[in-house]
Amino acid sequence: MILLEGNGAFSSLGLDDPSEIYRPKPPEFELDKDVENFRNYENLDGEMLRVRDTYYEMHTKQTHEFASSQRAKYKEGIIGRYSVLEMMDLVAGLVDESDPDTSLTNDIHMYQTAERIRAAYPEHPWFALVGLIHDLGKVLAMKGEPQWAVVGDIFVTGCKPSPSVVFGEPSFTKNPDSTDPRYNTEYGIYQPHCGLENVVTSWGHDEYMFQVLKRNNVQIPEEGLYMIRFHSLYPWHHHDDYRHLCNEKDNAMLPWVQKFSSFDLYSKGEKIPVIEEIRPFYEDLIAQYCPGKLLW
């Protein structure tokens, strides 16, 4: 790990009061809409019904067995060798069906996130790179996986769903794990404070992209890897759930994940970067941190 020495995590992120890490962070830039209108899952209609349908299918089919099997399936890099830029071009055709805040293709969202981070933290170029590639694991949806197994908020399998999961416990009523006594208690199959690295989250682009980066020895700092692996675990980083499973490392990484989440969420809007103008900057970052063809 880097940048986290003593209370450095809080000071370097502008968090004078450590208790602030337990609350969603206000954005650091002008928004296209009011904060309370982001992640609004109420009164969905029309095209946005796809959001509800995606989550209900996800919460029905994402069992502990399924999530574990997907981890094993993609562990060795079965998709093949591609450069980051090749995968970015591929994911440019994807619209995330679980997202109520944007209907733009995913490449635009990734550039939006990266540019907001770049402006705020020019001294940490790896942070902007994380913004650029954080959703690149969604390429799975372009390689045959259904979106319910790729996109959306993730949750910890192998135990009872947290109360803050999108659409709540009713969306899990048809999930076989809900009637399995091994999995429907607070701790389920886990030990207290076992660490988030030792639980099995629902399968999706977070875990997959983390696997890709680790497999290829990409030299992104540990803070960045945590952002990528857990940025969709909203019950943890925005609602303070799963604290009984967290260890000291999770607690130290939480401020970074929350800071990233603010950029990820609030950068969504109608302001679209001119990709042709900024792409050379990110090509250089990719060449520095993850050059050549990676095993996906």
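For the structure, check the block above.
Residues numbered from 1 in each chain as written. Predicted model: local features only at pLDDT ≥ 70, side-chain atom pairs only at ≥ 80, totals over all residues. Heavy atoms only, no water.

Things to note about the overall build of the chain
Here comes step 1: Check the secondary structure of the chain and you find 11 helices and 2 strands.
Here comes step 2: In sequence order, the secondary structure elements of the chain are arranged as α-α-α-β-α-α-α-α-α-α-α-α-β.
Here comes step 3: The buried share of the chain, taken over its 296 residues, is 56%.
Here comes step 4: Here the contacts in the chain between residues at least 6 apart in sequence split such that 82% fall between residues at least 24 apart.
Here comes step 5: When the accessible surface of the chain is summed, it comes to about 12,800 Å², and 50% of that surface belongs to carbon and sulfur atoms. (Helix = DSSP H or I, 4+ residues; strand = E, 2+ residues; numbered from the N terminus. Buried < 20%, exposed > 50% of the residue type's maximum accessible area, 1.4 Å probe, protein only. Contact = heavy atoms within 4.5 Å. Areas by Shrake-Rupley, 256 points an atom, 1.4 Å probe, with all protein chains shown as cover.)

Considerations on the packing of helix H6 (residues 125-133) against helix H10 (residues 248-266)
Here comes step 1: Closest axis-to-axis distance for the H6/H10 pair is 11 Å, and the angle between their directions is 60°. Between H6 and H10, the interaxial angle falls into the category oblique. Like other packed secondary-structure pairs, H6 and H10 cross with a definite hand, here right-handed. The segment H6 lies against H10, with Trp126, Phe127, Val130 and Gly131 engaging Trp256, Lys259, Phe260 and Phe263.
Here comes step 2: Here the residues of the contact of H6 with H10 sort into 6 nonpolar, 1 polar and 1 charged. (Axes fitted to C-alpha atoms, helices over the stretch in contact; angles between N-to-C directions. Parallel < 35°, antiparallel > 145°, perpendicular 65-115°, else oblique. Left-handed = near helix turned anticlockwise from the far one by under 90°. Nonpolar A, V, L, I, M, F, W, Y, C, P; charged D, E, K, R; others polar.)

A word on the packing of aromatic side chains
Here comes step 1: A complete count under the given rule lists 20 aromatic pairs for this structure.
Here comes step 2: On the basis of an interplanar angle of 90° and a centroid distance of 5.0 Å, the ring pair of Phe155 and Phe172 is categorised as edge-to-face. Here Phe155 is found in the loop between H6 and helix H7 (205-215), whereas its partner Phe172 is found in the loop between H6 and H7, with 17 residues between them in sequence.
Here comes step 3: Taking the relative accessible area as the measure of exposure, Phe155 reaches 4% and is therefore buried.
Here comes step 4: An aromatic cluster of three or more residues is present, and its members are Tyr121, Trp126, Phe127, Trp256 and Phe263.
Here comes step 5: When the ring centre of Tyr234 is taken as origin, the NZ or CZ atom of Arg39, which lies over that ring, is 3.5 Å away.
Here comes step 6: Directly above the aromatic system of Phe281 lies the positively charged group of Arg118, at a separation of 3.7 Å from the ring centroid. (Phe/Tyr/Trp six-rings, centres within 6.5 Å; stacked < 30°, edge-to-face > 60°. Lys NZ or Arg CZ within 6 Å of the ring centre and 35° of its normal.)

Remarks on the state of the cysteines
Here comes step 1: Counted under the stated rule, the structure contains 0 disulfides.
Here comes step 2: There is no disulfide at Cys159, and the cysteine sulfur nearest it, in Cys194, is 8.9 Å away.
Here comes step 3: Between Cys194, a cysteine without a disulfide, and Cys246, which holds the nearest cysteine sulfur, the sulfur-to-sulfur distance is 8.6 Å. (Disulfide = S-S within 2.5 Å.)

A closer look at the side chain of Gln70
Here comes step 1: With respect to the element layout, Gln70 can be found in helix H3 (residues 64-74).
Here comes step 2: Setting aside its immediate chain neighbours within four residues, Gln70 contacts Glu145 and Trp203.

Some remarks on unusual backbone geometry
In most cases, non-glycine residues show a negative phi, while peptide bonds are predominantly trans.
Here comes step 1: Not every positive phi belongs to a glycine, and Asn43 is a case in point at roughly 55°.
Here comes step 2: Following the sequence through the fold, Asn43 ends up in the loop between helix H1 (8-12) and helix H2 (49-61).
Here comes step 3: Exposure remark for Asn43: the relative accessible area of 74% places this residue in the exposed category.

With respect to H10
Here comes step 1: A rise of 1.5 Å per residue sets the reference length of H10, with its 19 residues, at 27 Å; its end C-alpha atoms lie 28 Å apart and thus fit the reference within 8%.
Here comes step 2: A maximum bend of about 35° is found in H10 at Leu254, where proline Pro255 lies one to four positions downstream.
Here comes step 3: Across the 19 residues of H10, 15 count as buried, placing the element largely inside the fold.
Here comes step 4: N-cap assignment for H10: the residue whose side-chain oxygen lies 3.2 Å from the backbone N of Lys249 is Asn247. (Expected span 1.5 Å × (residues − 1). Bend = angle between axes of the 7 residues up to and from the residue. Polar contact = N/O pair within 3.5 Å; in protein donor to acceptor, adjacent residues only side chain to side chain.)

A short note on the pattern of salt bridges
Here comes step 1: As enumerated under the stated definition, the model contains 17 salt bridges in all.
Here comes step 2: Between Asp96 and Lys138 there is a salt bridge, with its nearest N and O atoms 2.7 Å apart. Placement of Asp96 in the loop between helix H4 (84-91) and helix H5 (106-120) and of Lys138 in the loop between H6 and H7 is noted, with a sequence separation of 42 residues between them. Take Asp96 and Lys138: they sit in the same class, and that class is buried.
Here comes step 3: We note a salt bridge from Arg118 to Glu115, for which the minimum N-O separation is 3.0 Å. Residue Arg118 and its partner Glu115 are located together in helix H5, separated by 3 residues, close to a single helical turn.
Here comes step 4: Exposure remark for Arg118: the relative accessible area of 28% places this residue in the partly exposed category.
Here comes step 5: With relative accessibility at 23%, the residue Glu115 sits in the partly exposed group. (Salt bridge = Lys/Arg side-chain N within 4 Å of Asp/Glu carboxyl O.)

Keep in mind these values describe shape, not function.
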